[in-house]
Amino acid sequence: MKKTILTGIRPTGRIHLGHYFGATKNWVKLQDDYNSFFEIADVQALTDNFDNPTKVRENVREIAIDLLAIGINPEKSTIFIQSMIPEIAELTIYYSNLVTMARLYRNPTIKTEIAQKKAIFGNDGESVTYGFVGYPVSQAADITAFRGELVPVGEDQLPLIEQCREIVRKFNNIYGETLKEPEAYLSKTTRIKGLDGNEKMGKSLGNAIYLRDNEETITKKIMGAVTDTNKIKKDDPADPTKCMVYYYHDLINSENKEQICKECQEGSRGCVTCKKELIKNMIEFLKPIQEKGKYYEEHPEVVDEILLNGTKKAKEVAKETMKEVKKAIKIDYYD
Ligand code: TRP
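**Q** What am I meant to see in the packing of aromatic side chains here?
**A** Working definition: an aromatic ring pair is given by the centre-to-centre distance plus the angle between the planes. This model, assessed by the stated rule, comprises twelve aromatic pairs. Where Tyr295 meets Tyr296, the ring centres are 5.0 Å apart and the plane angle is 80°; that geometry is what we call edge-to-face. Every member of this aromatic cluster is reached through a ring pair, and the members are Tyr20, Phe21 and Phe285. Its guanidinium or amino end placed over the ring of Tyr135, Arg10 lies 4.7 Å from that ring's centre, counting from NZ or CZ.

Here's what the structure looks like:
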């Protein structure tokens, strides 16, 4: 019997290289060995985008296309939309009794995110909503509704998995053995740096290359990428480890990357030439993904069918879990 994995992605923007190398590329491999559920977490996206439903709505589709384009295969995996499975929201309510406010505020992921919000909005946290502080509870429902055993996530999400495990243990203690305790599945991928040299490539940082960026956009972005600032003239020797252009040559495994590195160090390679080469290689690297993506962009009815079928399949599992949960809590009236 294959083990079940469940993971999710917030539909707040298309998939970029950071998310691809940091997570989703790995999902494609996992689907061969596991019973796989990939959730498009629109309800979670709304926790901090409740005032921008159009953004979430549009990106559900974009994320679905991105996932299919990179090779998530709907024959092997289940891709579904979170809001279409109200059982998740229902579970969240019952789990919310098992988590204290103090524990949620102590959750390192929530703590960091609240600190970031305070920094952006400059208030003392008054604008932090109940829904936002509670999203780890909802994420615990995401995982357990589908009896997820392994949860592929990045390191930043570990506290959320721990929170889920605590909820499961408490539930089972009080109501009897019902739920499965999941484990995090940490992939060995690294965090991908942004075009500006920032340690993280991120949507909100404006330093990302998206998988379906067109040639013009890729060109513009790479031409603006940060290089070794000590290099002034074209034939100055430079340090490739301080250059984002070399960093991406290395990331996408440009054929002659050793040569590039050497020429950069020697000062026999200008940055413009190097960038042009990266643009060519990047376009080539993204081509198979973009070709697949284009097919789905042109066949929205195929995407709809995949999402509908996946959601239907996921709902069956969530319904079963809900039944057991209600029985355990003794609210299975007239069943
Ligand atoms: N919180 C995750 C993120 O921001 C997305 C997510 C939603 C998720 N539901 C999940 C991850 C369930 C793992 C399991 O990336």
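**Q** Just checking my understanding: could you explain the site of the ligand for this structure?
**A** If you check the shell around the ligand, you find 13 residues, and the closest are Gly8, Gln44, Gln139, Asp142 and Gln157. Interatomic distance of 3.4 Å between a side-chain N/O atom of Arg10 and an oxygen atom of the ligand. At 2.8 Å, a side-chain N or O of Gln44 approaches a nitrogen atom of the ligand. When contributions to the shell around the ligand are tallied by element, the ones reaching two or more residues are strand E1 (4–9), helix H8 (135–145) and strand E4 (150–153).

**Q** Is there a simple way to think about unusual backbone geometry in this case?
**A** Leaving glycine out, the prevailing phi sign among residues is negative, and the prevailing peptide bond configuration is trans. One non-glycine residue, Asn253, lies in the positive phi region at around 60°. Taking relative accessible area as the criterion, Asn253 reaches 52% and is therefore assigned exposed. With a phi close to 55°, Tyr334 is a non-glycine residue in the positive phi region.

**Q** Explain the pairing of strand E3 (residues 77–81) here, please?
**A** Consecutive side chains of a regular strand alternate in pointing toward one face of the sheet and then the other. Of all the five residues making up E3, five are buried; the element is thus mostly covered by neighbouring parts of the structure. Burial along E3 is two-sided: Ser77, Ile79 and Ile81 and Thr78 and Phe80, pointing in opposite directions, are all buried. Both strand E2 (residues 35–40) and E3 contribute to a ladder of five bridges, which runs parallel. Bridge pairing in E3 links Ile40 to Ile81.

**Q** Would you explain the packing of helix H4 (residues 86–96) against H8 in this entry?
**A** In helix packing, the relevant descriptors are the interaxial angle and the interaxial distance, both defined with respect to the helix axes. Here H4 crosses H8 at 120°, and the two axes come no closer than 8 Å. Between H4 and H8, the angle is such that the two are oblique. Taken as a pair, H4 and H8 cross one another with a handedness that is right-handed. Residues Ile88, Leu91, Thr92, Tyr95 and Ser96 of H4 pack against Val137, Ser138, Ala140, Ala141, Asp142, Thr144 and Ala145 of H8. When its residues are assigned to classes, the contact of H4 with H8 shows seven nonpolar, four polar and one charged.

**Q** Got a minute to help me understand the domain arrangement of the chain in this structure?
**A** When the parts come together, some accessible area is lost, and that loss is often what is quoted as the size of the interface. For the chain, the assigned domains read domain 1 (4–193 + 300–328) and domain 2 (215–293). For domain 1 and domain 2, the distance between their C-alpha centres works out to 35 Å. Each partner contributes residues to the interface: domain 1 has eleven residues there, and domain 2 has eleven residues. The largest share of the area that domain 1 buries against domain 2 comes from Leu17, Ala69 and Lys193, three residues that together contribute 53% of it. Between the two partners, domain 1 and domain 2, sit zero salt bridges. Inspection of the domain 1/domain 2 interface yields two residue pairs in polar contact (both at pLDDT 80 or more). Of all the elements in the fold, those that place two or more residues in the side of domain 1 that touches domain 2 are helix H1 (17–30) and helix H3 (53–70). Of the residues in the side of domain 1 that touches domain 2, the class split is eight nonpolar, one polar and two charged.

Parameters at a glance
- What you see as residue numbers is a count from 1 along each chain, following the sequence as written.
- Thresholds applied to this predicted model are a pLDDT of at least 70 for local features of residues and 80 or more for the giving and counting of side-chain atom pairs; totals over whole chains, interfaces and linings are not thresholded and use all residues.
- By convention in this description, side-chain values take in all heavy atoms of the structure and omit both hydrogens and water.
- Here is the rule: rings of Phe, Tyr and Trp (six-membered ring for Trp) pair when centre to centre is within 6.5 Å. Planes less than 30 degrees apart are stacked, more than 60 are edge-to-face, and the remainder are tilted.
- Sitting over a ring, as applied to charges here, requires NZ of Lys or CZ of Arg to be within 6 Å of the ring centre and within 35 degrees of the ring normal.
- A molecule or strand has a residue near it when one of that residue's heavy atoms lies within 4 Å.
- Any pair of nitrogen or oxygen atoms within 3.5 Å is treated as a polar contact; in protein, a donor-acceptor pairing is required on top of that, and neighbouring residues in sequence qualify only through side-chain atoms on both sides.
- A run of H or I in DSSP counts as a helix once it spans at least four residues, and a run of E counts as a strand once it spans at least two, with each numbered from the N terminus.
- For the exposure calls, accessible area comes from a 1.4 Å probe over protein chains only, and a residue counts as buried if that area is under 20% of its type's maximum, exposed if over 50%, partly exposed in between.
- Note on pairing: DSSP must find at least two bridges between two strands before they are called paired.
- Comment: axis = line fitted to C-alpha atoms, over the contacting stretch for helices; angle = value between 0 and 180 degrees taken between N-to-C directions.
- Here is the rule for angles: anything less than 35 degrees is roughly parallel, anything more than 145 is roughly antiparallel, 65 through 115 is roughly perpendicular, and the remaining ranges are oblique.
- By definition, turning the near helix anticlockwise from the far helix through less than a right angle yields a left-handed crossing, and turning it clockwise yields a right-handed one.
- Note on contacts: a residue pair qualifies if any of its non-hydrogen atoms lie within 4.5 Å across the two residues.
- Here the term charged refers only to Asp, Glu, Lys and Arg, the term nonpolar to Ala, Val, Leu, Ile, Met, Phe, Trp, Tyr, Cys and Pro, and the term polar to all other amino acids, Gly among them.
- The start and end points of each domain follow an automatic or database-based domain assignment.
- Accessible area that two parts lose when put together, with a 1.4 Å probe and added across both, is what the buried area reports.
- Just to be clear on terms, a salt bridge is a Lys or Arg side-chain nitrogen sitting within 4 Å of an Asp or Glu carboxyl oxygen.

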